[in-house]
Amino acid sequence: DLKGQPLYDLKTTGPATWGATTAAITQSDCDQVAKVALAAQFRTAPSCTFTPMFNPNTPALCTTAGQSPQYHLFQGFESGMTGWATQQTPVSPSTWNDRPWTVVTSAPDGHAGSVVFGPNPVVGDCSVDLENGVTSLLSPVIAIPAGSPTPVRMAWDHLVSIEIDYDGGNLRASVNGGPFNLVPASAFTFNPYNDTLAGSSTNDNPMAGQAAWSGGDGGAVTSKWGQSQINLSQISVDPGDTVQFRWDLGSDGCNGWDGWYMDDVRVYSCAPCTTPGAPTGL
């Protein structure tokens, strides 16, 4: 369609005057473009092997035959967030857009029922309108009864759609009223953090450089629901202890994707099926 059409100098000689005509597009030009497209495989579908953020092959909560979960906490958020708390820690309170964790009844990927949601909104300009800060979800303090079977375990379901590398979420725990420390990837037995956030030299997120869930499934800006599982004995949570969890979602100064959806938080021990625990906090 462009054969015979003139090409102009890449300049102007006045406010509304193109540069001089220097050539016209020929069939030879079209042939060269076709060769480039072939050599660079522009028209060949990529052979990318994108992988999901979460491994979908979820193991049972209790893998020993004859055992089932004895729950110390089971929160499905169907009756709201009673006993749970939220907090926001902006770097610049005057420009921060309010974004608390809330219960929502419409979740992605066809997930039914109520879930809790931490927003990662598309806001800010990283210059004047700064949106860097952390919004947190805190569980109740959970008492692990003395004499409970060991190890104490934890699992929850979640879906992540968070600006890749610069925003992200992770989990912290306070044992026996101590400080909230990051639960390390080594404590996870299934689906640990998938990323390490960009460092503070390029990222003004207060969580810069930390292990986190960030991004979505490979080649996508969202993910499928998955389950993460933790051996809490790896962070010194044992029978007779108390533990409180804090999910932190950190943002840099601008932009975002969607957010972090979570459901069915379980803290439990595995016990013989004849003595199951009753779920609480449903």
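As shown above, the structure is provided for reference.
Bear in mind that the values here come from a model prediction, so they are computed numbers and not experimental data.

## Thoughts on the pattern of salt bridges
Thought 1: Taken as a whole and judged by the stated rule, the model has six salt bridges.
Thought 2: Between lysine 224 and aspartate 109 there is a salt bridge; the shortest N-O distance is 3.3 Å. Here lysine 224, found in the loop between strand E16 (211–212) and strand E17 (226–231), pairs with aspartate 109, found in the loop between strand E7 (102–104) and strand E8 (115–119); they are 115 residues apart in sequence, far enough to count as distant.
Thought 3: Across the salt bridge formed by arginine 172 and aspartate 248, the nearest N and O atoms sit 3.5 Å from each other. With arginine 172 in strand E12 (residues 168–175) and aspartate 248 in strand E18 (residues 242–251), this residue pair connects regions lying 76 residues apart in the sequence.
Thought 4: Residue aspartate 248 is classed as buried on the basis of its relative accessible area, which comes to 4%.
Thought 5: By sharing partners, the salt bridges in this structure join Asp157, Asp264 and Arg266 into a single network.

## Topic: the packing of aromatic side chains
For any two aromatic rings, the description comes down to two numbers: the centre-to-centre distance and the angle of the planes.
Thought 1: Per the stated rule, a full pass over the model turns up 14 aromatic pairs.
Thought 2: Here the aromatic rings of tyrosine 71 and phenylalanine 74 are separated by 5.0 Å at their centres, their planes lie at 80°, and the arrangement is edge-to-face. Exposure class is identical for tyrosine 71 and phenylalanine 74. Each is buried.
Thought 3: For the ring pair phenylalanine 245 and tryptophan 247, a centre distance of 6.2 Å and an interplane angle of 45° mean the geometry is tilted. Here phenylalanine 245 and tryptophan 247 have matching classes, each one buried.
Thought 4: Ring pairing ties together the aromatic residues Phe77, Trp84, Trp101, Trp156, Phe188, Tyr193, Trp213, Phe245, Trp247 and Trp260, which thus form one cluster.
Thought 5: Above the ring of tryptophan 96, the side-chain terminus of arginine 99 is found at 3.7 Å from the ring centroid.

## Observations regarding the environment of valine 128
Thought 1: Of note, valine 128 is situated in the loop between E8 and strand E9 (133–138).
Thought 2: Using a relative accessible area of 64% as the deciding quantity, one classes valine 128 as exposed.
Thought 3: Separated by 53 residues in sequence, valine 128 and asparagine 181 have C-alpha atoms that sit 32 Å apart.

## Here we look at helix H1 (residues 27–39)
Thought 1: Its 13 residues give H1 an end-to-end C-alpha distance of 18 Å, which sits within 8% of 18 Å, the value for a rise of 1.5 Å per residue.
Thought 2: Two residues or fewer after H1 comes glutamine 41, characterised by a positive phi angle close to 60°.

## Quick word on the pairing of E9
Thought 1: Among the six residues in E9, six count as buried, and that is most of the element.
Thought 2: Burial of E9 is two-sided: the residues Gly133, Thr135 and Leu137 facing one way and the residues Val134, Ser136 and Leu138 facing the other way are all buried.
Thought 3: Strand direction decides the pairing type here: strand E6 (residues 85–90) and E9, joined by six bridges, are antiparallel. Bridging from a neighbouring strand, threonine 89 pairs with valine 134 of E9.
Thought 4: Across six bridges, the pairing between E9 and E18 is antiparallel. Paired with leucine 137 across the bridge in E18 is tryptophan 247.

## Considerations on the nonpolar core
Thought 1: Counting 35 residues, the largest nonpolar core has Met154, Trp156, Phe245 and Trp247 as its most contacted members.
Thought 2: Elements that contribute at least two residues to this core include exactly strand E11 (153–161), E12, E18 and strand E19 (259–272).
Thought 3: Discounting chain neighbours no more than four positions away, the residues touching methionine 154 are Leu171, Ser228, Gln229, Ile230, Leu232, Phe245, Trp247, Val265, Arg266, Val267 and Tyr268.
Thought 4: Counting residues in each nonpolar core, the second largest holds seven residues, with Leu61, Cys62, Ala155 and Cys270 among its members.

Cut-offs and rules
Residues numbered from 1 in each chain as written. Predicted model: local features only at pLDDT ≥ 70, side-chain atom pairs only at ≥ 80, totals over all residues. Heavy atoms only, no water. Salt bridge = Lys/Arg side-chain N within 4 Å of Asp/Glu carboxyl O. Helix = DSSP H or I, 4+ residues; strand = E, 2+ residues; numbered from the N terminus. Buried < 20%, exposed > 50% of the residue type's maximum accessible area, 1.4 Å probe, protein only. Phe/Tyr/Trp six-rings, centres within 6.5 Å; stacked < 30°, edge-to-face > 60°. Lys NZ or Arg CZ within 6 Å of the ring centre and 35° of its normal. Expected span 1.5 Å × (residues − 1). Pairing = 2+ DSSP bridges. Core = buried A, V, L, I, M, F, W, Y, C linked by side-chain atoms within 4.5 Å. Contact = heavy atoms within 4.5 Å.

Just distances and angles here, no functional claims.
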